[in-house]
Amino acid sequence: MDQILVRGGVPLRGRVVVRGAKNSALPLMAAAIVSQEPCVLHNVPCLHDIFSMDKILSSMGMRIDFTGQSMTLDPTALNSSEASYELVRKMRASFFVLGALLARFGKAKVSLPGGCAIGERPVDIHLKGLASLGIEIRIEDGYVVAQGKLRGANVGLDFPSVGATENLMMAAAMADGVTRLNNVAREPEIVDLAEFLNAMGAQISGAGTDLITIVGVPELKGAVHEVIPDRIEAGTFLIAGLATRGDVTVAKANAGHLESFLDKLREMGATVEARGSDIRATAPNGLVAKDVSTQPYPGFPTDLQAQMMVLMCISQGTSVIRESVFENRFMQVAELRRMGADIDVQGSTAVVRGVSGLSGAPVMASDLRASAALVIAGLIASKGETRIARVYHIDRGYERIEERLASLGADIKRRRE
Ligand code: EPZ
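This section reports on the structure supplied with the text. Since we're looking at a predicted model, the values are computed, not measured.

1. A word on the pairing of strand β23 (residues 385-389)
Walk down a regular strand and you will see the side chains alternate between the two sheet faces.
Point 1. Inspection of the sheet shows strand β1 (residues 3-7) paired to β23 by four bridges, in the antiparallel sense. Bridged to Leu5 within β23 is Arg387.
Point 2. Bridge analysis of strand β22 (residues 362-364) against β23 gives three bridges, and the strand direction is parallel. Residue pairing in the sheet places Met364 in a bridge with Ala389 of β23.
Point 3. With helix α12 (residues 368-380) bridging β22 and its parallel neighbour β23, the resulting β-α-β unit is right-handed.

2. As for the pairing of strand β5 (residues 70-74)
Point 1. Pairing between strand β3 (residues 39-42) and β5: three bridges, direction antiparallel. Its bridge partner being in β5, Leu41 is matched across the sheet by Met71.
Point 2. One ladder, built from five bridges, connects strand β4 (residues 63-67) with β5; its direction is antiparallel. Its bridge partner lying in β5, Phe66 is registered against Met71.
Point 3. The turn joining β4 and β5, which pair antiparallel and follow one another in sequence, is formed by two residues; a positive phi near 65° is taken by Gly68.

3. Quick notes on the sheet that holds strand β7 (residues 107-111)
Point 1. Strand order across the open sheet formed by four strands is β6-β7-β9-β8, with mixed pairing between neighbours. Two strands bound the open sheet, and with one partner strand each, they are β6 (82-83) and β8 (136-140).
Point 2. Where β6 lies against β7, two bridges are found, and the strand directions are parallel. Bridge pairing in β7 links Ala83 to Val110.

4. A look at the site of the ligand
Point 1. Neighbouring residues of the ligand: 23 residues in total, closest Asp124, Ile125, Ser161, Asp303 and Val325.
Point 2. For the ligand, a nitrogen atom lies 2.7 Å from a polar atom in the side chain of Asp124.
Point 3. Ile125 places a main-chain nitrogen or oxygen 2.7 Å from an oxygen atom of the ligand.
Point 4. Protein burial of the ligand: of its 830 Å² of free accessible surface, 89% is covered by the chains.
Point 5. Contributing elements (two or more residues each) for the shell around the ligand: α1 (22-31), α5 (124-132), α6 (162-172) and α12.
Point 6. The element best represented in the shell around the ligand is α5, accounting for three residues.
Point 7. Residue composition of the shell around the ligand, grouped by class: eleven nonpolar, five polar and seven charged.

5. Here we look at the packing of aromatic side chains
Point 1. A full pass over the atoms with the stated rule returns two aromatic pairs.
Point 2. Where Phe51 meets Phe66, the ring centres are 6.4 Å apart and the plane angle is 55°; that geometry is what we call tilted. A residue pair is termed long-range when its members are at least 10 positions apart, and Phe51 in helix α2 (residues 48-59) and Phe66 in strand β4 qualify at 15 residues.
Point 3. Classification of Phe51 by relative accessible area gives partly exposed; the value is 33%.
Point 4. In this structure, Lys109 is placed above the aromatic ring of Tyr143, and the distance from its NZ or CZ to the ring centre is 5.0 Å.

Reading the values: rules and limits
- Counting restarts for each chain: residues are numbered from 1 in the order of the written sequence.
- Totals for whole chains, interfaces and linings use all residues, but because this is a predicted model, local features are given only for residues with pLDDT of at least 70 and pairs of side-chain atoms are given and counted only at 80 or more.
- For side-chain calculations, the full set of non-hydrogen atoms in the structure is used, while hydrogens and water are omitted.
- At least two bridges found by DSSP between two strands are what make those strands a pair.
- Only DSSP runs of H or I covering at least 4 residues are called helices, and only runs of E covering at least 2 are called strands; the numbering of each starts at the N terminus.
- Think of it like this: strands point away, you trace from the first strand over the helix to the second, and a clockwise trace means the crossover is right-handed.
- Nearness of a residue to a molecule or strand requires only that one of the residue's heavy atoms be within 4 Å of it.
- Any N or O atom pair separated by 3.5 Å or less is treated as a polar contact, with the protein-specific requirement of one donor-capable and one acceptor-capable atom, and with residues adjacent in sequence counted only for side-chain atom pairs.
- The Shrake-Rupley method, run with a 1.4 Å probe sphere, supplies the accessible areas, and residue values consider only the shown protein chains as cover.
- Under the scheme applied here, ten amino acids are nonpolar (Ala, Val, Leu, Ile, Met, Phe, Trp, Tyr, Cys and Pro), four are charged (Asp, Glu, Lys and Arg), and all others, including Gly, are polar.
- Note on aromatic contacts: the rings of Phe and Tyr and the six-membered ring of Trp form a pair at centre separations within 6.5 Å, being stacked when their planes are under 30 degrees apart, edge-to-face when over 60 apart, and tilted otherwise.
- Each residue's exposure class comes from its accessible area (1.4 Å probe, protein chains only) as a fraction of the maximum for that residue type: buried when under 20%, exposed when over 50%, partly exposed otherwise.
- Geometrically, a charge over a ring is one whose NZ (Lys) or CZ (Arg) sits within 6 Å of the ring centre while staying within 35 degrees of the ring normal.

Pasting the structure below:
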């Protein structure tokens, strides 16, 4: 398994282009299932999770050509409505094929996704919503076995789950009648999916608000769509620049997708400039620690919580970080403590006291965003070397992270094992 080696203390400077959003590209790929014709996605990131979704769809007969950052998905030879445990267990987002399979075939057999490092991650909201749309659901040998004729209904989500909103949008797009999804997720990735489905001929309105209305249509055509920029990757690089007292600009980003995050940086004393699709953040005089509470969009994103915690570790004062979206998303804390951070955790609350610096150490990646946080901690640690093991966690969500950080001046390399 590869390792990443970092020698910190170098201020990062320069410009890095943000890739397409992983958490948009994955449901967009699944949405191609409901089309009768080939679809094309541009600005698709080259990531392990994208390859995993490719494998799942290809196993069902989808023909996929992924060249550069463009992906053609041809669903005309789709011949299966089953997604096996062997493939789904590798990436829980595979579960997002369920709604699309039901829309196309009226039946589906998809493995229940296991839990993961950050929590049990049940799918009860997905299944309850599909049942409201007329689907019979059985759980057999760890699989969801679903079938039925989709009919429009009023569905209220117990929690604004991103994945459940996406699954239900794809199912309702071809249901008989009108569906109203209430208390839905409002993330930019939801809007991106609605735009893609509407380009195929769907009739979806309200995406980005907490009520989405969908008038079912009998058929969906091919479409061409550009994936939105990855707001979490943009935030990660901006934090890396601030953490090293550098001057980093992220290009091809969308500041409108990061308002609560950028407001928090300003509250901490950073200068944040958004010009067109560029965002630049600097804090030559250091930062003041502030409290953070993660929330569904448009609140502070849970996917930037671990990275933000590292920034708080070296800011002046004490911050309280509340993780309200997932039940176990402080996996980075134990490793950060080993690097000299001063953090106490009580349940879903972490109290972070700023320290003057961090020290390099051998650490273990655990989940995608906690691993990105450890890379940032390594970039800060001016004493010693940080060696991050199990780098595959990072490769799931960041394309060639060590090369792109090195282009900003970081002393970082990958050791292939
Ligand atoms: C999506 O996961 C993202 N993944 C996650 O990003 C992100 O952290 C999350 O949304 C929240 O923003 C993709 O889009 C591929 P949820 P998802 O359903 O859809 C509970 C990353 O790092 N819940 O909004 O699985 C659940 O347990 C990943 O890129 C239920 O209880 O998230 C969690 O506590 C990590 N029942 C909360 O809701 C359900 O049926 C939010 O989950 C569904 C969810």
